[in-house]
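Per-entry structural report
Chain residues, written in single-letter form:
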Amino acid sequence: MTETLDPEDTKIITLARSARARAGAPEGAAVRDETGRTYAATTVALPSLRLSALQAAVAMAVSSGAKSLEAAAIVSEAGEPGEQDVSVVEDLGNGTLFLAAPDGSLKGRYI
């Protein structure tokens, strides 16, 4: 998909890629809240807690006081975001959800 992104949207894809690489996780995610603050996270896979990378990033944003999201990005091998990931972004307004490949190339834009 060839599409020129806003530099701020490119930034959250880069943050998601970095988090994924640093942790060696299957996916990384980053979100930008209504004030421009960003939060990045990776998949959480503990015996007692399972969160997608996006759910973890959104939880960090909400626990820091975010009321809405401007944008969210997932970096993954997956072909499309999971239903729960789309839902968690919708819970916080009408932010755009980007899905990118591990190399940072954009696979799709959702919501």
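Residues numbered from 1 in each chain as written. Predicted model: local features only at pLDDT ≥ 70, side-chain atom pairs only at ≥ 80, totals over all residues. Heavy atoms only, no water.

1. Quick notes on the environment of A100
If you trace the backbone, A100 turns up in strand 6 (residues 96-100). Classification of A100 as buried rests on a relative accessible area of 0%. Note: C-alpha distance between A100 and A78 (22 residues apart in sequence) is 9.0 Å. Those residues within four positions of A100 in sequence are excluded, and the remaining contacts are I13, I74, V75, S76, S105, L106 and K107. (Helix = DSSP H or I, 4+ residues; strand = E, 2+ residues; numbered from the N terminus. Buried < 20%, exposed > 50% of the residue type's maximum accessible area, 1.4 Å probe, protein only. Contact = heavy atoms within 4.5 Å.)

2. Let's talk about the side chain of S52
Note that S52 resides in the loop between strand 4 (49-51) and helix 2 (53-63). Not counting the four nearest positions on each side in its chain, S52 is found in contact with E27, T42, T43 and D85.

3. Some thoughts on the nonpolar core
Generally speaking, nonpolar side chains in soluble globular proteins are found buried as a group. With 19 residues, the main nonpolar core has V31, L54, V58, A72, V89 and L97 as its most contacted residues. Mapped onto this core, the elements with two or more residues apiece are strand 1 (28-33), strand 2 (38-42), helix 2, strand 5 (69-75), helix 3 (83-91) and strand 6. Ranked by the residues each element gives to this core, the list is headed by helix 2, at six residues. In contact with L54, not counting residues within four places along its chain, are E27, A29, V31, A72, I74, D85, V88, V89 and L97. (Core = buried A, V, L, I, M, F, W, Y, C linked by side-chain atoms within 4.5 Å.)

4. Considerations on the pattern of salt bridges
If you walk through the whole model with that rule in mind, you get three salt bridges. The residue D9 makes a salt bridge to R32 at a minimum N-O spacing of 2.9 Å. Here the residue D9 occupies a position in helix 1 (residues 7-23), and R32 occupies one in strand 1, the gap between them amounting to 23 residues. For the pair formed by D9 and R32, the shared burial category is buried. Here D33 makes a salt bridge to R37, at a shortest N to O gap of 2.9 Å. Residue classification places D33 among the buried residues on the basis of a relative accessible area of 0%. For R37, a relative accessible area of 37% translates into the label partly exposed. Via salt bridges that share partners, D9, R32 and E70 belong to a single interconnected network. (Salt bridge = Lys/Arg side-chain N within 4 Å of Asp/Glu carboxyl O.)

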